[in-house]
Amino acid sequence: QLVESGGGLVQAGGSLRLSCTASGRAFTTQSMAWFRQASEEEREFVAAINWDDSIIIYVDSVRGRFTISRDNAENTGYLQMNRLKPEDSAVYYCATSTATLPGQLWNDYTYWGPGTQVTVSS
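Note that the structure is predicted; figures quoted are calculated from it, not measured.

Participant: Hey, could you go over the overall build of the protein for me, with residue numbers and the actual values?
Facilitator: Check the secondary structure of the protein and you find 0 helices and 11 strands. Taken from N to C terminus, the helices and strands of the protein fall in the order β-β-β-β-β-β-β-β-β-β-β. Counting only C-alpha atoms, the protein reaches 40 × 25 × 25 Å along its principal axes. The proportion of buried residues among the 122 residues of the protein is 43%. In the protein, of all internal contacts separated by at least 6 residues, the share reaching a separation of at least 24 is 58%. By element, 48% of the accessible surface of the protein is carried by carbon and sulfur atoms, the whole surface being about 6,400 Å². Side chains of the protein carry 9 positive and 13 negative charges; the gap between the two charge centres is 5 Å.

Written out as structure tokens, the structure is:
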């Protein structure tokens, strides 16, 4: 089970840190990703990290502004979002996969959280 937290309303240029807390010990060996979905849009890949932080991937639109990380001891993953833009507004989902290499497609991931809303005002 995955549960996201940390979403909210922020002004453009501001920051938020999302958390994804996993239950069970399997998290420590799984790849983790963040996706987002704006209203009437398809779910979009944001960032992914493998189990030992050796592989990290970002979509071009967030590279340099967002940072994905994880703390396996706490069974928690994070997405630090800086210099937020109105176009970053969406429901953000974390997901995990047993794959060694983290994918960028939604169907690469098996487990999903319910999502947390991020709204960036201009």
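Participant: Before we move on, can you summarise the state of the cysteines with the specific residues and values?
Facilitator: A disulfide bridge is the covalent bond that connects two cysteines by way of their sulfur atoms. Inspection of every chain in the model, using the stated rule, returns 1 disulfide. Sulfur-sulfur distance for the disulfide between C20 and C94 comes to 2.1 Å. Because the torsion about its S-S bond is 60 degrees, the bridge between C20 and C94 counts as right-handed. One end of the pair, C20, is in strand β3 (residues 16-22); the other, C94, is in strand β9 (residues 90-97), and 74 residues separate them in sequence. For the pair C20 and C94, one class covers both residues: buried.

Participant: Got a sec to walk through the nonpolar core? Specific residues and values, please.
Facilitator: Ranked by internal contacts, the top residues of the largest apolar core, which has 24 residues, are W34, V46, F66, I68, L79, M81 and Y92. For this core, the elements supplying multiple residues, two or more each, are β3, β4 (31-37), β5 (44-49), β7 (66-71), β8 (76-81), β9 and β11 (116-121). Residue contributions to this core peak at 4 residues, all from β3. With residues up to four places along the chain from it excluded, the contact list for I68 reads M32, W34, A47, A48, I49, I56, Y58, Y78 and L79. Core analysis: the next-biggest nonpolar cluster, separate from the first, contains 7 residues, A33, A48, I57 and A95 among them.

Participant: So what about the packing of aromatic side chains? Which residues, and what values?
Facilitator: For the structure shown, the criterion picks out 4 aromatic pairs. Seen from their ring centres, F35 and Y109 are 5.6 Å apart, and the 75 degrees between their planes marks the pair as edge-to-face. With F35 in strand β4 and Y109 in the loop between β9 and β10 (111-112), this residue pair connects regions lying 74 residues apart in the sequence. Side by side, F35 and Y109 carry an identical accessibility label, which is buried. Taken together, the ring pairs in this structure connect F35, F45, Y93, Y109 and W112 into an aromatic cluster. We note R43 situated over the ring of W112; from NZ or CZ to the ring centre the distance is 4.8 Å.

Participant: Can you tell me about unusual backbone geometry, naming the residues and giving the values?
Facilitator: For N75, which is not a glycine, the phi torsion comes out positive at approximately 55 degrees. Phi at R83 takes a positive value of approximately 45 degrees, unusual for a residue other than glycine. Looking at the secondary structure, you find R83 in the loop between β8 and β9.

Reading guide: rules and limits
Residues numbered from 1 in each chain as written. Predicted model: local features only at pLDDT ≥ 70, side-chain atom pairs only at ≥ 80, totals over all residues. Heavy atoms only, no water. Helix = DSSP H or I, 4+ residues; strand = E, 2+ residues; numbered from the N terminus. Buried < 20%, exposed > 50% of the residue type's maximum accessible area, 1.4 Å probe, protein only. Contact = heavy atoms within 4.5 Å. Areas by Shrake-Rupley, 256 points an atom, 1.4 Å probe, with all protein chains shown as cover. Lys, Arg positive; Asp, Glu negative; His and termini not counted. Charge placed at Lys NZ, Arg CZ, Asp CG, Glu CD. Disulfide = S-S within 2.5 Å. Core = buried A, V, L, I, M, F, W, Y, C linked by side-chain atoms within 4.5 Å. Phe/Tyr/Trp six-rings, centres within 6.5 Å; stacked < 30°, edge-to-face > 60°. Lys NZ or Arg CZ within 6 Å of the ring centre and 35° of its normal.

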